[in-house]
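One letter stands for each residue in the lines below.
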Amino acid sequence: MNSMTGFGRGAANFGAQAITVQVNSVNRRGLDLTMALPDAWDALEASVAEAVRKVVVRGKVHVVVEASAGGESAWNEEDVADTLDRLQALARARGVPFAPTAELLWEIASATDGGGKLGTAEQAWPAVEQALLAALRGLAAMRAKEGEALLVDFLGRIAKLHTQVEAIAARAPQVAPAYREQLLQRLRGAGLELDVSDERVLKEVALFADRCDVSEEITRLRSHLGQLRELLRSEGEVGRKAEFILQEIGREVHTIGSKANDLAISQRVIECKNELERVREQMANVE
């Protein structure tokens, strides 16, 4: 299971260019991919997106590709000198005074060195891909590590939910007999002495028992919790399916709360809802 939060960074050399790629992601219902590349390499967007989609299924992912001077010599002195000579010849031919300055030399050097020539997107792709894959490996590792921590938390909360469900299952058969005793006490308090076997008492108790029967909901809850536990331990995308199962669990818990008409069960239902809310909040971070 992977979290949708992560960060990765990779680097590679392309001639005199030092290429760095940073990838970060946060939670999002689908895959929302944005990227920032040097203008000369805009054609690489499709290739970058394809590489990201092989690693990430969900999340808001932002990729930044940068290139800066580094790796080899800052500039080629022969190229600088040649450009300067050509400028001097042009100035002489035009009758323009020409006095090179340090600033001019720096501008020429920056325009003629490897750092000023990014190269074509096709030429740069092998180096960009190398840095990108390294960044994606880092991103995947961080997302997997956080996913492991989330899994431990989820399994603990599922265990708590299971405990509450079993407590409800144990209490449920006692609800109708307890209601029968309360009914008889109220009747006696009203001056009506009716026997337990009285048909009217039996009918009322039977109707109540039918209204508060939660056996089907408990069966479905056990099944949903088992499915959720298996899903969380599976590979691939988990978040969307888990969110659906959590909705079903919430629906069954709410039904039990509305049908049970019992204080002890109502307290268990409240605990279940609290745990479910915590699970839902965390599940928003799962891929």
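Procedures and definitions
Residues take numbers from 1 onward in each chain, read along the sequence in its written order. With pLDDT at 70 or above as the cut-off, local features in this predicted model cover only qualifying residues; side-chain atom pairs require 80 or more to be listed or tallied, and sums for whole chains, interfaces and linings still use all residues. Just so you know, side-chain values use all the structure's heavy atoms and leave hydrogens and water out. A run of H or I in DSSP counts as a helix once it spans at least four residues, and a run of E counts as a strand once it spans at least two, with each numbered from the N terminus. Only heavy atoms matter for contacts: two residues are in contact if any of them lie within 4.5 Å across the pair. Planes of paired rings set the category: under 30 degrees apart is stacked, over 60 is edge-to-face and the rest tilted, where pairs are Phe, Tyr or Trp rings (Trp by its six-membered ring) whose centres lie within 6.5 Å. Three exposure classes are used, based on accessible area relative to the maximum for each residue type with a 1.4 Å probe and protein chains only: buried under 20%, partly exposed in between, and exposed over 50%. To qualify as a nonpolar core, a set must consist of buried Ala, Val, Leu, Ile, Met, Phe, Trp, Tyr and Cys residues joined through side-chain atoms within 4.5 Å. Patch membership requires more than 30% relative accessible area and the absence of a salt bridge. Residues of like charge join within 9 Å; the nonpolar side chains Val, Leu, Ile, Met, Phe, Trp and Tyr join within 5 Å. Each accessible area is a Shrake-Rupley result for a 1.4 Å probe, and residues are judged covered by the shown protein chains and nothing else. Whenever Lys or Arg places a side-chain nitrogen within 4 Å of a carboxyl oxygen from Asp or Glu, that contact is recorded as a salt bridge. Neither His nor the chain ends is counted toward charge; the positive residues are Lys and Arg and the negative residues Asp and Glu. Where a charge lies is defined by one atom per residue type: Lys uses NZ, Arg uses CZ, Asp uses CG and Glu uses CD.

Caption draft 1: Quick peek at the side chain of Glu-252. You can see Glu-252 is positioned in helix H7 (residues 239-260). With sequence-adjacent residues up to four places away left out, Glu-252 is seen in contact with Glu-217, Arg-220, Leu-221 and His-224.

Caption draft 2: Spotlight on the packing of aromatic side chains. Taken as a whole and assessed by the stated rule, the structure comprises one aromatic pair. When the centroid spacing of 6.2 Å and the interplanar angle of 65° are considered together, the rings of Phe-14 and Trp-41 count as edge-to-face. Taken as a pair, Phe-14 in strand S1 (residues 6-14) and Trp-41 in the loop between strand S3 (31-36) and helix H1 (45-53) lie far apart in primary sequence, 27 residues in all. Taking relative accessible area as the criterion, Phe-14 reaches 19% and is therefore assigned buried.

Caption draft 3: Focus on the nonpolar core. Core analysis: the biggest nonpolar cluster contains 32 residues, and Met-1, Phe-154, Leu-228, Leu-232, Ile-249, Ile-256 and Met-283 have the highest contact counts within it. Elements with a minimum of two residues in this core: helix H4 (121-189), helix H6 (215-232), H7 and helix H8 (263-283). Of the residues forming this core, the biggest block, nine residues, is contributed by H4. Excluding residues that lie within four positions of it along the chain, Leu-232 makes contacts with Met-1, Leu-151, Phe-154, Ile-158, Val-238 and Met-283.

Caption draft 4: Seen up close, a negative patch on the surface. On the surface, Glu-77, Glu-78, Asp-79, Asp-82 and Asp-85 cluster together into a patch of negative charge. Mapped onto the fold, Glu-77 is located in helix H2 (residues 77-94). The exposure class of Glu-77 is exposed, given its relative accessible area of 63%.

Caption draft 5: Geometry of the environment of Asp-213. Turning to its location among the elements, Asp-213 is positioned in the loop between helix H5 (199-211) and H6. What makes Asp-213 partly exposed here is its relative accessible area of 36%. Here the alpha-carbon distance between Asp-213 and Ala-172, two residues 41 residues apart in the chain, equals 7.5 Å.

Caption draft 6: Spotlight on the pattern of salt bridges. One pass over the structure, following the stated rule, counts 17 salt bridges. One salt bridge in this structure joins Glu-243 and Arg-29, with 3.6 Å as the shortest N-O distance. Residue Glu-243 is located in helix H7, and its partner Arg-29 is located in the loop between strand S2 (17-26) and S3; the two are separated by 214 residues in the primary sequence. For Arg-29, a relative accessible area of 57% gives the class exposed. Its salt-bridge partner being Asp-262, residue Arg-171 comes within 2.8 Å of it at the nearest N-O pair. Of this pair, Arg-171 sits in helix H4 while Asp-262 sits in the loop between H7 and H8, placing them 91 residues apart in sequence. According to the relative accessible area criterion, Arg-171 is partly exposed, its value standing at 24%. Residue classification places Asp-262 among the buried positions, given a relative accessible area of 10%.

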